[in-house]
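Examining the three-dimensional arrangement
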Amino acid sequence: MSTKWIGTALLAGMLLVLSPALGHGYREKGKPVAVAGAAMIVTPVRDWNQLSGKPGKKAEIWTLDGEQLNAVTWYGAITPGEPLIREASKKRKPLPKFALETLLVELPELLEATYRSARDIGTFTVTSTEPDRFLGQSAVRFTYDYVDENDLPHRGEARATIAKGQLYMVTFDAPRLHFFESSLQDFRQLCDSAKLP
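Computed from a predicted structure; not experimentally measured.

1. Some thoughts on the packing of aromatic side chains
Within this structure, the stated rule accounts for 11 aromatic pairs. Aromatic pair Y115 and F124: ring centres 5.6 Å apart, planes at 85°, arrangement edge-to-face. Comparing Y115 with F124, the two get one shared label, buried. One aromatic cluster is present, built from ring pairs that chain together Y115, F124, F142, Y144 and Y146.

2. Some thoughts on the environment of A36
When you line up the elements, A36 lands in the loop between β2 (33-35) and β3 (40-42). Note: C-alpha distance between A36 and K57 (21 residues apart in sequence) is 7.5 Å. The residues contacting A36, other than those within four sequence positions of it, are K58, A59, E60, W74, Y75 and G76.

3. Examining the pattern of salt bridges
Scanning the entire structure with this criterion turns up 12 salt bridges. Put simply, K97 and E87 hold a salt bridge, and the shortest N to O gap is 3.0 Å. Of this pair, K97 sits in the loop between β6 (71-78) and α2 (107-118) while E87 sits in the loop between β6 and α2; the two residues are 10 residues apart in sequence, bridging distant segments of the chain. According to the relative accessible area criterion, K97 is partly exposed, its value standing at 36%. Owing to a relative accessible area of 15%, E87 belongs among the buried residues under this scheme. The shortest N-O distance in the salt bridge between E112 and R116 comes to 3.0 Å. Note that E112 and R116 are positioned in helix α2 at a spacing of four residues, about one turn of the helix. Relative accessible area serves as the criterion here: at 31%, R116 is assigned to the partly exposed category. Through salt bridges with shared partners, a single ionic network connects D132, R141, E157, R159, R188 and D192.

4. Topic: the pairing of strand β9 (residues 153-163)
Counting buried residues along β9, nine of its 11 residues qualify, which places the element largely inside the surrounding structure. As defined by bridge partners, strand β8 (residues 137-147) adjoins β9 across nine bridges and the pair is classed as antiparallel. Bridge pairing links V147 to P153 in β9. Linking β8 to β9, which pair antiparallel, is a turn of five residues; within it D151 sits at a positive phi near 65°. When β9 meets strand β10 (residues 166-175), the two strands line up antiparallel, connected through 10 bridges. Note on β10: the bridge partner recorded for T161 is Y168. Once β9 ends, the chain turns through two residues before running back antiparallel as β10, passing K164 with a positive phi of about 50°.

5. Observations regarding unusual backbone geometry
Notably, A36 is not glycine yet its phi reads approximately 50°, a positive angle. Looking at A36, the relative accessible area reads 2%, which means it is buried. For H178, which is not glycine, the phi dihedral falls at a positive 75°. On the secondary structure map, H178 appears in the loop between β10 and α3 (179-193).

6. Concerning the nonpolar core
Within the largest apolar cluster, 28 residues are counted, with the highest numbers of intra-cluster contacts made by V35, M40, W62, V72, W74, F134 and Y168. Elements that contribute at least two residues to this core include exactly β2, β3, β6, β10 and α3. Here this core takes six residues from α3, the largest share from any one element. Those residues within four positions of F134 in sequence are excluded, and the remaining contacts are M40, A139, R159, A160, T161, Y168, M169, V170, C191 and A194. Listed in part, the 21 residues of the second largest apolar core include A59, L95, Y144 and A158.

7. Notes on the sheet that holds strand β7 (residues 124-134)
Read across the open sheet, the eight strands follow the order β1-β4-β5-β6-β10-β9-β8-β7; overall the sheet is antiparallel. The open sheet has two edge strands with one neighbour each: β1 (25-27) and β7. Within the sheet, the average angular offset between the axes of one strand and its neighbour, ignoring direction, is 25°. Bridge analysis of β1 against strand β4 (residues 48-50) gives three bridges, and the strand direction is antiparallel. From the neighbouring strand, R27 faces β4, where its bridge partner is W48. Strands in contact with α3 are β4, β5 (59-63), β6, β7, β8, β9 and β10; relative to β10, the strand with the most contacts, it is inclined by about 160°.

Conventions adopted
Residues numbered from 1 in each chain as written. Predicted model: local features only at pLDDT ≥ 70, side-chain atom pairs only at ≥ 80, totals over all residues. Heavy atoms only, no water. Phe/Tyr/Trp six-rings, centres within 6.5 Å; stacked < 30°, edge-to-face > 60°. Buried < 20%, exposed > 50% of the residue type's maximum accessible area, 1.4 Å probe, protein only. Helix = DSSP H or I, 4+ residues; strand = E, 2+ residues; numbered from the N terminus. Contact = heavy atoms within 4.5 Å. Salt bridge = Lys/Arg side-chain N within 4 Å of Asp/Glu carboxyl O. Pairing = 2+ DSSP bridges. Core = buried A, V, L, I, M, F, W, Y, C linked by side-chain atoms within 4.5 Å. Axes fitted to C-alpha atoms, helices over the stretch in contact; angles between N-to-C directions.

Structure follows, in structure tokens:
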């Protein structure tokens, strides 16, 4: 067993101990709820926690065990000219913007550029892209790997669509070791339940 693997496992274990209390809202199983500024309606098939801090006015984060272990981020009704999340500094650190001419196949690049700028992530790789359905629309599903600021390898999956000129996306991020696979089906069930109001 490598030292790097042991270190990653220990870090993930510490995060597990520290993170469960981070949920600040409650999303109850079987109850439809408006998300991302009421842009979508989601009916979870199990209970989730919603974090009180929002990354943007049209985005929110749900988790099962804490944001560092499994984070589902909803982005809703992003209009042309808007970034996915709030910009910390428009002059020093501008974020990429969704554009009217953006195509579905370009949405993985938009997420990658946002992560690189907002989270200071240097290593980010889109590992697959394929057509899908989301919110009853033609969509793109893509997966990605990155290393976070704590040198912990993460894996992610996203679904995204453009409806009536607005961007809708949901992402799932978790440490590659154990946590991604253990919550992936929960994420996919959430995606399948999402509808436009």
